[in-house]
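Close look at the chain arrangement
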Amino acid sequence: MNNEIFNRLLGLMEKLGLSVKNGTFNRAECAAYARAVCIACDEMENTIKNLFIDSAETQGLALFLSLIGRSPAETEEKSKQLVIESCSEDFGTRNLGDFENALADLGNGFGYEGHGCNLMIKRGEVSGTDFAEKLSEFLSDYAPGFCRIKIDGTSTDLGTKDEANLRWFEIDALNFPFSIIDNF
């Protein structure tokens with residue numbers, strides 16, 4: 001517990017004319033508030049530290065790696081370098097024609113609407129048995145991490161889930177958001 005916060009709270013209670021002697025409820029309450037403030041401050045410091053890759057520790061580094069779809073390297077320094085390199089490569093805007101071709105490869109009749117950071121994909125007919133893999137590749141290539149993609153329409157016809165031949169770890173490897181998995 002931070003004694004400075006605790007002492008300030010005791011001082012405020014005394015100014016209000018409340019007893020803060022040892023064993024009183026008021027003193028215990030001040031101790032609890034001081035501890036809670038310390039926990040909140042520690043968490044804010046931890047969040048700020050993990051906000052930047054150069055000062056990120058295990059938790060922050062894991063978040064950065066998950067955002068770019070990479071696994072941790074042997075050391076934290078190598079993982080930080082991996083994040084920096086991954087964010088540096090192929091950075092820039094995508095060609096609209098390439099986006100539309102990739103969307104058309106998903107199946108007949110696919111289209112899209114964009115509203116700010118939201119992308120609504122109008123689903124057409126699913127072609128081929130590799131639709132899930134194609135969709136996963138499309139999302140990783142054309143959907144930034146801050147963009148929420150929603151597939152419009154009813155559930156995707158993959159036959160029965162057994163016919164799709166996707167075990168849980170294969171579905172997990174596709175990196176679909178839950179909003180897309182729910183539509184299967």
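Described below are features of the structure shown in this document. Keep in mind the model is a prediction, meaning the values are calculated, not measured.

1. Topic: the pattern of salt bridges
By the definition in use, this model includes three salt bridges. Across the pair E57 and K49 runs a salt bridge, and its minimum N-O distance is 3.4 Å. By relative accessible area, E57 is classed as partly exposed at 36%. The exposure class assigned to K49 is partly exposed, which follows from its relative accessible area of 33%. Of the charged contacts, one joins K78 and E74 as a salt bridge, the two residues approaching to 3.3 Å between their closest N and O atoms.

2. Regarding the environment of S71
Position of S71 relative to the elements: it lies in the loop between α3 (58-68) and α4 (76-88). Taking the C-alpha atoms as reference, S71 lies 9.3 Å from L82; in sequence the two are eleven residues apart. When neighbours within four sequence positions are excluded, S71 is seen to be in contact with L65 and L82.

3. Overview of helix α5 (residues 96-104)
Taken residue by residue, α5 has F99, A102 and L103 as its buried positions. One side of α5 carries all its buried residues, which in axial view fall inside an arc of 100°.

4. Things to note about the nonpolar core
In terms of nonpolar packing, the biggest core is built from ten residues, these being F99, A102, L103, L106, F110, F131, L135, F138, L139 and Y142. Elements supplying a minimum of two residues to this core: α5 and α6 (131-142). Sorting elements by how many residues they give to this core places α6 first, with five residues. Among the nonpolar cores identified, the runner-up in size contains six residues, and L10, M13, C30 and A34 belong to it.

5. Looking at the side chain of N50
By the element assignment, N50 lies in the loop between α2 (25-49) and α3. Of the residues examined, N50 reaches a relative accessible area of 11% and is grouped as buried. A distance of 3.0 Å separates polar atoms of two side chains, one belonging to N50 and the other to N46. Not counting chain neighbours up to four residues away, the residues in contact with N50 comprise A56, E57, Q59, G60 and F64.

6. Regarding the environment of D105
Along the polypeptide, D105 turns up in the loop between α5 and β1 (107-108). Judged by relative accessible area, which is 51%, D105 ranks as exposed.

7. Structural notes on the packing of α3 against α4
The packing of two helices is summarised by the inter-axis angle and the distance between the axes. With their axes 10 Å apart at the nearest point, α3 and α4 run at an angle of 35° to one another. Between α3 and α4 the crossing geometry is left-handed. For the pair α3 and α4, contact is made by T58, L61, F64, L65 and I68 and by E76, S79, K80, L82, V83, S86 and C87, respectively.

Quick notes on the rules
- Numbers given to residues run from 1 along each chain, matching the order in which its sequence is written.
- Totals for whole chains, interfaces and linings use all residues, but because this is a predicted model, local features are given only for residues with pLDDT of at least 70 and pairs of side-chain atoms are given and counted only at 80 or more.
- With hydrogens and water set aside, each side-chain value is computed from the structure's full complement of heavy atoms.
- A carboxyl oxygen of Asp or Glu within 4 Å of a side-chain nitrogen of Lys or Arg is what we treat as a salt bridge.
- Only protein chains enter the accessibility calculation, which uses a 1.4 Å probe. A residue is then buried if its area is under 20% of the maximum for its type, exposed if over 50%, and partly exposed in between.
- Labels follow the DSSP assignment, with helices taken as runs of H or I lasting at least four residues and strands as runs of E lasting at least two, numbered in each case from the N terminus.
- The contact definition used throughout considers only heavy atoms, calling two residues in contact when any of these lie within 4.5 Å.
- In this context, the arc is that of the directions from the helix axis out to the C-beta atoms.
- Residues belong to one nonpolar core when they are buried, are Ala, Val, Leu, Ile, Met, Phe, Trp, Tyr or Cys, and are joined through side-chain atoms within 4.5 Å.
- Polar contacts, as used here, are pairs of N or O atoms within 3.5 Å; protein pairs need one atom able to donate a hydrogen and one able to accept it. Residues neighboring in sequence count only if both atoms are side-chain atoms.
- Every angle, taken between N-to-C directions, lies between 0 and 180 degrees, and every axis is a line fitted to C-alpha atoms, over only the stretch in contact when it is a helix.
- Note: crossing handedness is left-handed where the near helix turns anticlockwise from the far helix by less than a right angle, and right-handed where it turns clockwise.

Read these as spatial facts, not as claims about activity.
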